[in-house]
Amino acid sequence: KIAYQKSGYHVEWANVRNDLKFLVKNPIQFAPQVAYSLAAFWFIFKGDHEGAKALAISGIAFDASSSATTTGSQTVVSVTHTCTGAERVLVSGIEIIDSTAANGWQYAAVNIVEDTTDVSDMNMKMGHLIAPASGANTLSHTIAVGAAGHGIFGVSFTGAHQTTQPDQASPTPTTGTSTTPSISVTTTTNNSFVVDNLLSRAATLTVDASQTQVHNVTIDSGTSRRQGGSYEQKVTAG
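Keep in mind the model is a prediction, meaning the values are calculated, not measured.

Draft legend 1. Focus on the environment of Pro132. By secondary structure assignment, the location of Pro132 is in the loop between β9 (123-130) and β10 (135-143). Remark: the alpha-carbon pair of Pro132 and Leu90, spanning 42 residues in sequence, is separated by 6.5 Å. Ignoring anything within four residues of it in the chain, the contact list for Pro132 reads Cys83, Arg88, Val89, Leu90 and Tyr107.

This is the structure we're talking about:
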């Protein structure tokens, strides 16, 4: 809603008008977007260009997280995840012990776009969905045959780009024996968020101080394998 010219920040009225049209069609979903436009107008009306700038670069924000696990013969793992706000994206990670073939991965009956997978030891996947349905809906993953362990998590964000996701092609998953596992990720856009997915044979997982944990559960009956997930913001691309 905000653009910059030499004279300072100004409102892009065409975008504001579009927001008002969306508000009439879906008031619950687009009310936050209209509030954002009005806030931008207020900052500019007062001549507070620094306030307008802060609003313009606020970017992505955490919305909600969810997780679930199942063990034994169940073929479906599912959890209720509630998305709110505007310009949403949902990121999901799954882990399957015994590398059982996957049959379906959905949120609100819409397929998750798979970004990366690894079957070198177990079966790990990460994926995303742009503009997921708002409100409480089911996030689920289905496998062909029940596995020894099956975990899923979801984390949604607002203020995310609605066409170019993810920021980069997902990095190649890594398998190793380190007690401090890590992976190199290069973002290409400022203020991007990085989401990770981890399966460990250790009984304890501790998230790095720079990351916010959204998932940390045992996914087999022997409590020897855990799935973890977290996210962190990368303010400067690189």
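Text resumes after the structure shown.
Draft legend 2. Structural context of the side chain of His150. As for its placement among the helices and strands, His150 is situated in strand β11 (residues 150-158). In this structure the side chain of His150 is engaged in a polar contact, spanning 2.9 Å, whose partner is the side chain of His141. The contacts of His150, once residues within four sequence positions are left out, are Ala68, Thr69, Thr70, Thr75, Val77, Glu95, Ile96, His141, Ile143 and Ile219.

Draft legend 3. Quick peek at the packing of aromatic side chains. A full pass over the atoms with the stated rule returns 4 aromatic pairs. Judged by centre distance (5.4 Å) and plane angle (85 degrees), the ring pair of Phe157 and Tyr231 falls under edge-to-face. Separated by 74 residues along the polypeptide, Phe157 in strand β11 and Tyr231 in strand β14 (residues 226-234) bring together distant segments of the chain. Put simply, the rings of Phe62, Phe157, Phe193 and Tyr231 touch in pairs and so form one group of aromatic residues.

Draft legend 4. The side chain of Asp63, seen in detail. Considering the arrangement of structural elements, one finds Asp63 in strand β3 (residues 61-70). Nearest to the buried, unbridged Asp63 among oppositely charged side chains is Arg88, at 6.3 Å. A distance of 2.6 Å separates the side chain of Asp63 from the side chain of Thr84, its partner in a polar contact. At 2.8 Å, the side chain of Asp63 and the side chain of Ser156 are in polar contact. Setting aside residues up to four positions removed in sequence, Asp63 forms contacts with Thr82, Cys83, Thr84, Ser156, Phe157 and Thr158.

Draft legend 5. Quick look at the nonpolar core. Ala68, Val77, Val79, Cys83, Leu90, Ile94, Trp105, Tyr107, Ile112, Leu129, Leu139 and Ile152 form the largest nonpolar core, which has 12 residues in total. For this core, the secondary-structure elements that each account for two or more residues are β4 (76-83), β5 (89-96) and β6 (102-107). Ranked by the residues each element gives to this core, the list is headed by β4, at 3 residues. Residues Val91, Met126, Val214 and Tyr231 belong to the second largest nonpolar core, which totals 11 residues.

Draft legend 6. Fine view of the sheet that holds β4. Spatially, the 4 strands line up as an open sheet ordered β4-β10-β6-β7, and their pairing is antiparallel. Edge positions in the open sheet fall to β4 and β7 (110-111), since each of these has one partner strand only.

Draft legend 7. How the structure looks around the sheet that holds strand β12 (residues 192-200). The strand order across the open sheet built from 3 strands is β12-β14-β13, with neighbouring strands paired in antiparallel fashion. Each having just a single partner strand, β12 and β13 (212-218) make up the two edges of the open sheet. For this sheet, the mean angle separating the axes of adjacent strands, direction not counted, is 10 degrees. Here β12 pairs with β14 via 9 bridges, running antiparallel.

Draft legend 8. Representation of the pairing of strand β8 (residues 113-118). Relative to β9, β8 is paired through 5 bridges, and the arrangement is antiparallel. Bridging across to β9, Asp118 finds its partner in Met124. The hairpin turn running from β8 into β9, its antiparallel successor, is 4 residues long.

Draft legend 9. Summary view of unusual backbone geometry. In this model, Gln165 is joined to Pro166 through a cis peptide bond whose omega is -5 degrees. Within the secondary structure, Pro166 is located in the loop between β11 and β12. Residues other than glycine seldom take positive phi values, yet Ala108 does so here, at roughly 55 degrees. Looking at the element boundaries, Ala108 is found in the loop between β6 and β7. On the basis of relative accessible area, Ala108 is assigned to the partly exposed category, the value being 27%.

Calculation criteria
- Residues numbered from 1 in each chain as written.
- Predicted model: local features only at pLDDT ≥ 70, side-chain atom pairs only at ≥ 80, totals over all residues.
- Heavy atoms only, no water.
- Helix = DSSP H or I, 4+ residues; strand = E, 2+ residues; numbered from the N terminus.
- Contact = heavy atoms within 4.5 Å.
- Polar contact = N/O pair within 3.5 Å; in protein donor to acceptor, adjacent residues only side chain to side chain.
- Phe/Tyr/Trp six-rings, centres within 6.5 Å; stacked < 30°, edge-to-face > 60°.
- Buried < 20%, exposed > 50% of the residue type's maximum accessible area, 1.4 Å probe, protein only.
- Lys, Arg positive; Asp, Glu negative; His and termini not counted.
- Salt bridge = Lys/Arg side-chain N within 4 Å of Asp/Glu carboxyl O.
- Core = buried A, V, L, I, M, F, W, Y, C linked by side-chain atoms within 4.5 Å.
- Pairing = 2+ DSSP bridges.
- Axes fitted to C-alpha atoms, helices over the stretch in contact; angles between N-to-C directions.

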